[in-house]
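Below are the chains, spelled out letter by letter.
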Amino acid sequence: MQMITQMLATDLDGTLVGDEKQLKDLLTYYEGLEKKVTLVYVTGRHRQSALELINEASIPMPSILISDVGTGIYIGNDLKPDEEWNLLMKKNWNPEAIKKIASHYPTIVQQKLPDESRISYTVQEDEGSVNKLKQELLEANIPHKFIFSSGRDIDILPENSGKGSALTYVIEKYVDDQASILIAGDSGNDEEMISLGYPSVIVANAQPELIAIQDHPQLFRATKNCAGGIHEAWLHFYDN
Ligand code: GLC
Ligand code: MG
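Note that the structure is predicted; figures quoted are calculated from it, not measured.

Description of the packing of helix α1 (residues 20-32) against helix α9 (residues 226-238)
And step 1. Running from amino to carboxyl end, α1 crosses α9 at an angle of 35°, the nearest separation of the two axes being 7 Å. Judged by residue contacts, Q22, L23, D25, L26, Y29 and Y30 of α1 engage A227, G228, I230, H231, W234 and L235 from α9.
And step 2. Considered class by class, the residues forming the contact of α1 with α9 number 8 nonpolar, 3 polar and 1 charged.

In structure tokens, the structure reads:
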């Protein structure tokens, strides 16, 4: 793959996808640019579920898909798994130990996923249990990352993975040093990538846990929702 010189790395649900009119405007704007903007989708969904959304929302296929909250990376037209990433990311991963501890919490229900490269749960209005599970996993010294989003989704990831770690890997391997980059998100699982320090946008409709993160000099807080916020941020950083 040729090194990327302009990149939009964006979450899908609630960020790129969510406002049809603004999405259309953004895609039309990108089509009119002289230099192609390479699309990298960074989603909580698994590969198949991301492909379904891409189809339903009629958005372009990405050049790179980061799936499963930054545990899967797929490259190129045929979205081939990046095997080097798979090896790096799986180090220290012990899903059995995690499932055993999580089974102590009846309100925390495991999501059905195609594989165990991450273990995710759904909880309804019981943040108390979420905090206790988080604490118990820490005390058990099991290497992992714990991500709570939208007051509902718990993702427990291998410690070397996550949207920020996966995107850093992609940037080092596939993106030119001088590239124009924009990173966009709307919820807790986007915090890690939004906080890397690159030009980034939090869309106006973001969840409270993302709105609450610390500012950095390259972080733009949009006044518009979803793709409208991405468009606003792209013009803010790169329209000159
Ligand atoms: C998406 C995924 C889900 C994940 C959530 C938060 O909704 O489908 O598995 O837990 O994002 O990352
Ligand atoms: Mg989202």
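Let's talk about the domain arrangement of the protein
And step 1. As assigned here, the protein comprises domain 1 (4-88 + 162-238) and domain 2 (92-157).
And step 2. Using C-alpha coordinates to define each centre, domain 1 is positioned 25 Å away from domain 2.
And step 3. Taken residue by residue, the interface counts 14 residues in domain 1 and 11 residues in domain 2.
And step 4. Here domain 1 and domain 2 share an interface that buries about 900 Å² over both sides, 52% of which is from carbon and sulfur atoms.

Concerning the pattern of salt bridges
And step 1. Taken as a whole and assessed by the stated rule, the structure comprises 13 salt bridges.
And step 2. Across the salt bridge formed by D13 and R45, the nearest N and O atoms sit 2.8 Å from each other. Of this pair, D13 sits in the loop between β1 (4-10) and α1 while R45 sits in the loop between β2 (38-42) and α2 (47-56), and the two are 32 residues apart along the sequence.
And step 3. Given a relative accessible area of 33%, D13 falls into the partly exposed group.
And step 4. One salt bridge connects R221 with D215, and the closest N-O pair in it is separated by 2.8 Å.

Some thoughts on the packing of aromatic side chains
The geometry of an aromatic ring pair comes down to the distance between the two centres and the angle between the two planes.
And step 1. What the rule picks out here adds up to 6 aromatic pairs.
And step 2. On the basis of an interplanar angle of 40° and a centroid distance of 5.7 Å, the ring pair of Y29 and Y30 is categorised as tilted.
And step 3. Taken together through their ring pairs, the aromatic side chains of Y29, Y30, F220, W234, F237 and Y238 make up a single cluster.
And step 4. Positioned over the ring face of Y74 is R47, at 5.1 Å from the centre of the ring.

Re the pairing of strand β4 (residues 72-75)
And step 1. Burial along β4 is two-sided: G72 and Y74 facing one way and I73 and I75 facing the other are all buried.
And step 2. Pairing geometry for strand β3 (residues 64-67) and β4, over 4 bridges, is antiparallel. If you follow I66 over to β4, its bridge partner there is I73.
And step 3. Where β3 folds back on β4, the antiparallel hairpin that results is connected by 4 residues, among which D68 adopts a positive phi of roughly 50°.
And step 4. Both β4 and strand β5 (residues 80-81) contribute to a ladder of 2 bridges, which runs antiparallel.

Examining the coordination of the magnesium ion (ligand 2)
And step 1. At the metal site, the magnesium ion (ligand 2) is ligated by D11 (OD), D13 (O) and D186 (OD), and these contacts range over 2.2 Å.
And step 2. Sequence spacing of the donor residues for the magnesium ion (ligand 2), all on one chain, is D-x1-D-x172-D.
And step 3. Given the relative accessible area of 4%, D11 is considered buried.

Some details on the layout of surface pockets
And step 1. Here the largest pocket is characterised by a volume of approximately 410 Å³.
And step 2. Lining of the largest pocket is provided by 23 residues; of these, G44, R45, R152, D153 and N189 occupy positions nearest its centre.
And step 3. In the lining of the largest pocket, the residues fall into 2 nonpolar, 11 polar and 10 charged.

Rules used in this analysis
Residues numbered from 1 in each chain as written. Chains lettered and ligands numbered in written order. Predicted model: local features only at pLDDT ≥ 70, side-chain atom pairs only at ≥ 80, totals over all residues. Heavy atoms only, no water. Axes fitted to C-alpha atoms, helices over the stretch in contact; angles between N-to-C directions. Helix = DSSP H or I, 4+ residues; strand = E, 2+ residues; numbered from the N terminus. Contact = heavy atoms within 4.5 Å. Nonpolar A, V, L, I, M, F, W, Y, C, P; charged D, E, K, R; others polar. Domains from an automatic or database assignment. Buried area = accessible area lost by both parts, 1.4 Å probe. Salt bridge = Lys/Arg side-chain N within 4 Å of Asp/Glu carboxyl O. Buried < 20%, exposed > 50% of the residue type's maximum accessible area, 1.4 Å probe, protein only. Phe/Tyr/Trp six-rings, centres within 6.5 Å; stacked < 30°, edge-to-face > 60°. Lys NZ or Arg CZ within 6 Å of the ring centre and 35° of its normal. Pairing = 2+ DSSP bridges. Donors = N, O, S within 2.8 Å, 3.2 Å for Na, K, Ca; no water. 1 Å grid on protein atoms, 1.4 Å probe; cavity = no way out; pocket = protein on both sides within 12 Å on 5 of 7 lines; lining within 4 Å. Points joined across faces, edges and corners; volume = space filled by probe spheres on them.

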